[in-house]
Amino acid sequence: MASLRTIRTMCPMNCHPTLCGMLADVEEGRLVGVRGDPDNPDSRGFLCIRGQAAREIIGNPLRLLHPMRRTARSGSWQRATWDDALDTIAERARAVGPAALATWSGHGFFANSYGTRVASELLRRFSNLYGCQWWDPIMICWGLGAFGLGLTGALRASTKEDMGAHAALVILWGANLASQPNTGRYLTAAKRRGAYVVTVDVRRTEASAQSNETLLLRPGTDAALALGMMHVIVAERRQDAAFVERHTLGFAALADHLAKHDVAWAAATTGVDGERIVSLARRYASTKPAMILLGGSSMHKGAQGWQGARAVACLPALTGNFGIPGGGLGPRHGAAAHGQGLSSIAARDRRPPGDYVPNQMSRITEALADGRVRVLMLFGTDMVSSFADAGRVGRALERLELLASYDLFMHDTARRHADVILPATAWLEDTGCKSTNTHLYLMPKALEPEGEARPPTWVLRELARRLDVRDFFPWQDDSGPLDAILDHPATGHATVAALASGGGIRPLHVSHVAYPDLKFDTPSGDIEFFSERAARLGLPALPVFESEPQSEYPLELRTGRTLTQFHGFYDHGRALPTLAAADPEPRLWISSDDATRRALHDGEEIRIFNGRGEMRARAFVTDRVPPGTIWMRDGWEGLNTLTSGGPVLPDAAVNLFEFSSGQAEFEAHVEVEATQDVVFGPFAATQTPRSSSSE
């Protein structure tokens, strides 16, 4: 009789702050089903459509199962051996030297270790010991918003549990429940206690349906709304004077600065009615505790995207909401709880002096284009999908002498630009570990890798051996790197063995309330309304709003997440039948006013374009976006041909904190028109041969 085993693991298709528990049923070495884990204290049995579709990764006919290479990028793929593929990479790496070799990883490389970053730390260790280029993947996601929070001093976040138990007012500021579904349960609990919920966004999101009111603002004007609210609070003397006196710096300068940002200015800038701005400011100042959940990535697109986070982080300080149950800033993409931490194995102190390209997206593109980088190894990332100004990035990738891609499926970058393909393991085929803000979760190996897929540790060890990277792997077994990372007080000095013996779940030693000691992430230890660090970097010392220059293209494009898709994962989700069927083609949200002006109809095939590029989509005419704003979920092929790759921060600023904030602008002013010259239907994943026809 076949024996059925149920493995407790975590979903491979989500990221912080929502990481969901999963039960995987395995029979005779085959995955037969997945479902939510009711005993997971974070997700409590929840598993969205992405998680349910994860079962389609295993046994997928499109999956990459063997190393492959081609002699020309327009040529056909031929099956190779691992030795041949790795020898080719190592030979080219030696020929160009460490300074011209670069490694870049994406979220696909962290599917087994989000929150503990084992694969990312090993890749960084390899790059540091070898002295090659390495760029922080955080820059592409939450790093820029966190830069604004860091200047103010508020990088830590209170937990969803604290919000549910204590918050009397919750503001979902650019934070959508589609990217934080596990927060939804606690939002409901807060509402049940009588908490008032407000959504601030550029469209009516899923969170709007759970809110008492929604404020729709023009994209990129979050700082203006926060400044207008602060103007009301200070002008009406509603600030917490005692907290401001004891725990902040620069209030006098801020107060003078706010005089220029009255409600009339804020209303004209944001498009939000002035009375509603006044009402929200008064409610926020008079309702305690009040918690703000700040968007992690999408709201920080644009030339001044970090200023929104900078200004919003000042609001809890003005009102004395930091350091109290139910107050401050709530769960946010990339934020850690108070006391949460891990050890590092990245060997930062052993990185030799060198000519390193800054952790800055625009500078990376330049380095690829001008030949400073000649060999590139990609790990779990579709670079032309995730980088801004993707047309320029694609042209730069064509100049490389060699591009190698380690992944589960083919994607745009690999199809168009790769020379070598390395097949990656799926989440059940390697041991991993994830960490939420409150718990640690073991992800045990449950299946043997399909085909010739190999885990990240094996691939990097083999490359290190070929390139004579000494001391890359000083541990006795494969669990050594993870054990070293978990050796931290926050985890209770956990190990893989201890987690396994404890059922795979361990609570972290953290505070649910951020900054209970009122010691903040600044040189002064106070919340800094006025930042000397910013001034030294040539940035505004006070929170500001700077309007973008006028564009010849009238519509402002914004992007975000949905439950059916997650970045460029699994070839934009098209490799997984459930997700491909649920979300088969790009749809552009456009207001009825904007559609009427362009004679567009709901469901019509359209062309979205500007001076950088264009893409095709289908119109979704809706009043859930205001006129002048259009919206599409991220990850679609061609979307980032429309976005600006210009820098937001000076090079000297991007590594001010432990993470990189070197994101490009991602600004995208566009025009939309109907098109009749395209046969449009559900996107189909491109079939990739598992090996050559001569096998």
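As the structure is a computational prediction, the values presented were derived from the model and not from experiment.

A. Expanded view of the confidence of the model for the protein. When the pLDDT values of the protein are averaged, the result is 94; 97% of them are 70 or greater. Low pLDDT (under 50) marks residues 678–695, which in the prediction has 44 contacts with non-local residues, meaning those over four places away or in another chain.

B. Structural view of unusual backbone geometry. Put simply, lysine 288 and proline 289 share a cis peptide bond, and its omega is 0 degrees. With a phi close to 50 degrees, aspartate 389 is a non-glycine residue in the positive phi region. Looking at the secondary structure, you find aspartate 389 in the loop between helix H15 (383–386) and helix H16 (390–397). The backbone of aspartate 471 shows a phi angle near 65 degrees, a positive value even though the residue is not glycine. As for its position among the elements, aspartate 471 is in the loop between helix H18 (456–466) and helix H19 (480–486).

C. Region of the structure containing the layout of surface pockets. Computed from the structure, the second largest pocket encloses a volume of approximately 770 Å³. Surrounding the second largest pocket, 41 residues form its lining, Arg218, Pro219, Thr221, Thr269 and Glu556 being those nearest its centre. Sorting the residues of the lining of the second largest pocket by element identifies strand E10 (213–216), helix H7 (222–235), helix H10 (263–270), helix H12 (305–312) and strand E21 (555–560) as the ones contributing at least two each. Among the residues forming the lining of the second largest pocket, the class breakdown is 15 nonpolar, 16 polar and 10 charged.

D. Fine view of the packing of aromatic side chains. Enumeration over the complete set of coordinates arrives at 22 aromatic pairs. Aromatic pair phenylalanine 126 and phenylalanine 472: ring centres 6.2 Å apart, planes at 85 degrees, arrangement edge-to-face. You can see phenylalanine 126 sitting in helix H3 (residues 118–130) and its partner phenylalanine 472 sitting in the loop between H18 and H19, a full 346 residues away along the chain. Aromatic pair phenylalanine 473 and tryptophan 475: ring centres 5.1 Å apart, planes at 80 degrees, arrangement edge-to-face. Residue phenylalanine 473 is classed as buried on the basis of its relative accessible area of 14%.

The rules behind each value
- Residues numbered from 1 in each chain as written.
- Predicted model: local features only at pLDDT ≥ 70, side-chain atom pairs only at ≥ 80, totals over all residues.
- Heavy atoms only, no water.
- pLDDT = per-residue confidence, 0-100.
- Contact = heavy atoms within 4.5 Å.
- Helix = DSSP H or I, 4+ residues; strand = E, 2+ residues; numbered from the N terminus.
- 1 Å grid on protein atoms, 1.4 Å probe; cavity = no way out; pocket = protein on both sides within 12 Å on 5 of 7 lines; lining within 4 Å.
- Points joined across faces, edges and corners; volume = space filled by probe spheres on them.
- Nonpolar A, V, L, I, M, F, W, Y, C, P; charged D, E, K, R; others polar.
- Phe/Tyr/Trp six-rings, centres within 6.5 Å; stacked < 30°, edge-to-face > 60°.
- Buried < 20%, exposed > 50% of the residue type's maximum accessible area, 1.4 Å probe, protein only.

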